[in-house]
Amino acid sequence: MISARQKNSIFIFLFVFFCAIIHADNPLITNYRTADPNPFVYNDRFYIICGQDEVNPSTFKMYAWRLLSSSNMRDWTDHGQILRPDQVSWMPNDAAWASTMVYKNNYFYLYTADTWQIGVFRSRNVTGPWEDVLGRPLIDKNTPGHAARDIDPMCFIDDDGQAYLFWGGDGNCRYARLSSDMISLTTSVMDVPGLTNYLEAPFVIKENGLYFLMYATSPWPSEIRYATSNRITGPWTHRGVIGSPTGSGTNHEGAAYFKGQWWYTYHTEELSNNNPYSRSVCVDKMYIDGDSIRGITYTDNSGGGVIERPNVTPPPEKQEAVWSGNSYTFNGSSDYVSLPKGVMNDFFDFTIAGYVKLDTITMWARIFDFGADASFNMFLTPRSDGNTFRFAITQNGNSGEQRINAPELAVGSWQHFAIVKSGNRGVLYLNGKEAGRNNAMSFSPVDLGDMGINYLGRSQYDVDPYLDGEIDHFYIYNRAITQGEIDKLVDHYPGTTLTVSGDVDGNNVVNIVDSLLIAQYYVGLNPQNFNAAEADVNCSGKIDIVDALLIAQQYVGLITSFDC
């Protein structure tokens, strides 16, 4: 029998182990839900202030603001709840909505939204305790010129030290100058014109003297657009879309420059099966080219890839293929989709996966073809000159290809493919099963230079035929996914029946949360949402600490399946 001390020791070991790895990927936090990220940099750390979502199927319930931080954008510290609405006399206790934090005058200032009103708090420490300096809202319905909904505050401090507050929902974007004490307005509330389809979530940054204002659009599901101006006061010029919807509802962006790189924060609903009231914070790289922001490449390990639907990020630069029902349809003569430049520029290990249905099969047609040109590219063709289903990557055209060959694809039915590269090992999967392998695949996307030509349904060689068929549920990951994750992708399409054990919380994702729930069950804590039928991953006939460790090992890539 295991003693209470032994149980506690095991639980503590698992907790420390999980904390070391839980923040390494997107979403940053998986054991609870976070939303409305607002980033800032202080003292060589990247901070994200966000709200904590409760798992609720029908409305927003948010009882606290949390703080996350990192010194390297890989390992994240959760500082916990730093403020709760129930600690503030004039706030409802369940609406810890979007907030913003800055450092000035030797204080941290926290501006919060809570049911159509904005408050201001200050503290000597980034985690609090927080002083309610006004004892009332800074902005509410009694403020002349206020927005239709006073939400989503964003504080921007210009190069001259002047601070501005931007906010507003339901199509009203407002701003005002803040006083030097940061707790009052020194100008009247002013409108921000020139924003196309503005809904909410304004966020301002500055690069090389140019101001960029990002925001979420109407209607739901929201995409992220941006405008630019030579002055913080405008006028603003609409520039385009940089982020497409991240789930079935809200979209909330932010950005900060840290250690030579712009970083873009957002939330996604993928961990909660697209529940718009249960979101998770993510972060990815952002690139500014002169006066333009590139489309954001989401690398959400819960399943958010490049294209699942046409409005999933990044938005196509050009779309000739028809979107009908749930898939892109390519006519075999002129249809294709062009993805943004640099979509996989920084990738070493990666996964590309999706469904394809061929109406006809033609040699050298492309499911996808990504790269810099016809000599530096990577592609997937349903039929090669060797009559094989082939993935290839090259730095020297046809003669330099590193290939994975598999049996030729069939015509007329949906088939799932996945290319998974880890180190020098490349594996081509068909319908969830390994179909081909190359253990000497040394090339990676990062070796292909600036990947400026990225097609679905078309080759970079103009003489090659176009794809005749359909593509659906197309994903790109910046890592090698596991066999269990491949099974889940295959299971994602109607009519397939593959299942995978280990999903003990029933959210269709096997991750570290499932491992933690098994550990809690093992030590007798009776966790909620625990499905015992999925917990015995090694088929030993019992649920024990080995099952928890196997899921943890799969999560960090030490094993690819449970072999059960």
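The preceding data block contains the structure.
What counts and what doesn't
Residues numbered from 1 in each chain as written. Predicted model: local features only at pLDDT ≥ 70, side-chain atom pairs only at ≥ 80, totals over all residues. Heavy atoms only, no water. Salt bridge = Lys/Arg side-chain N within 4 Å of Asp/Glu carboxyl O. Helix = DSSP H or I, 4+ residues; strand = E, 2+ residues; numbered from the N terminus. Buried < 20%, exposed > 50% of the residue type's maximum accessible area, 1.4 Å probe, protein only. Pairing = 2+ DSSP bridges. Contact = heavy atoms within 4.5 Å. Axes fitted to C-alpha atoms, helices over the stretch in contact; angles between N-to-C directions. Parallel < 35°, antiparallel > 145°, perpendicular 65-115°, else oblique. Left-handed = near helix turned anticlockwise from the far one by under 90°.

**A closer look at the pattern of salt bridges**
Step number 1: Overall, the coordinates contain 22 salt bridges when judged by the stated rule.
Step number 2: The salt bridge partner of R279 is D36, with a shortest N-O separation of 3.8 Å. Pair noted here: R279 is in the loop between β18 (261-268) and β19 (280-286) and D36 is in strand β1 (residues 33-42), with a separation of 243 residues, a long-range link. Comparing R279 with D36 shows no difference in burial state: the two are buried.
Step number 3: Between D159 and K206 there is a salt bridge, with its nearest N and O atoms 2.9 Å apart. Taken as a pair, D159 in the loop between β9 (154-157) and β10 (163-167) and K206 in strand β13 (residues 198-207) lie far apart in primary sequence, 47 residues in all.
Step number 4: Accessibility expressed as a relative area gives 23% for K206, which makes it partly exposed.
Step number 5: Here the salt bridges share partners, and the residues they tie into one network are D36, D53 and R279.

**Observations concerning the pairing of strand β29 (residues 388-394)**
Step number 1: Within β29, seven of the seven residues are buried, which leaves the element mostly enclosed by the surrounding structure.
Step number 2: Burial along β29 is two-sided: the face carrying T388, R390, A392 and T394 and the face carrying F389, F391 and I393 are both buried.
Step number 3: Between strand β28 (residues 377-381) and β29, which follow one another and run antiparallel, lie six residues, and N387 among them has a positive phi close to 55 degrees.
Step number 4: Here six bridges tie β29 to strand β30 (residues 402-407), and the two strands are oriented antiparallel to one another. Paired with I393 across the two strands is Q402, which belongs to β30.

**Some remarks on helix α2 (residues 483-491)**
Step number 1: In terms of burial, α2 is a largely internal element, seven of the nine residues being buried.
Step number 2: For α2, the complete set of buried residues consists of Q483, G484, E485, I486, D487, L489 and V490.
Step number 3: Each element contacted by the buried residues of α2 is listed here: β26 (350-358), β31 (415-422), β32 (425-430), β35 (468-477) and α4 (545-555).

**Some remarks on the sheet that holds strand β14 (residues 210-217)**
Step number 1: Overall, antiparallel pairing links the four strands, which are arranged β13-β14-β15-β16 in an open sheet. Each edge of the open sheet carries a strand with a single partner, namely β13 and β16 (237-243). Each strand of the sheet is rotated relative to its neighbour by a mean of 25 degrees, with strand direction disregarded.
Step number 2: Note that strand β15 (residues 224-229) and β16 share five bridges and pair antiparallel. What sits directly across from R225, in β16, is V241.

**Examining the packing of helix α3 (residues 512-522) against α4**
Step number 1: Between α3 and α4, the shortest axis-to-axis distance is 8 Å and the interhelical angle comes to 165 degrees. Our classification of the angle between α3 and α4 gives roughly antiparallel. Between α3 and α4 lies a crossing whose hand is left-handed. Along the contact surface, α3 presents I512, D514, S515, I518, A519 and Y522, while α4 presents I545, D547, A548, L549, I551, A552 and Y555.

Purely geometric numbers; function is a separate question.
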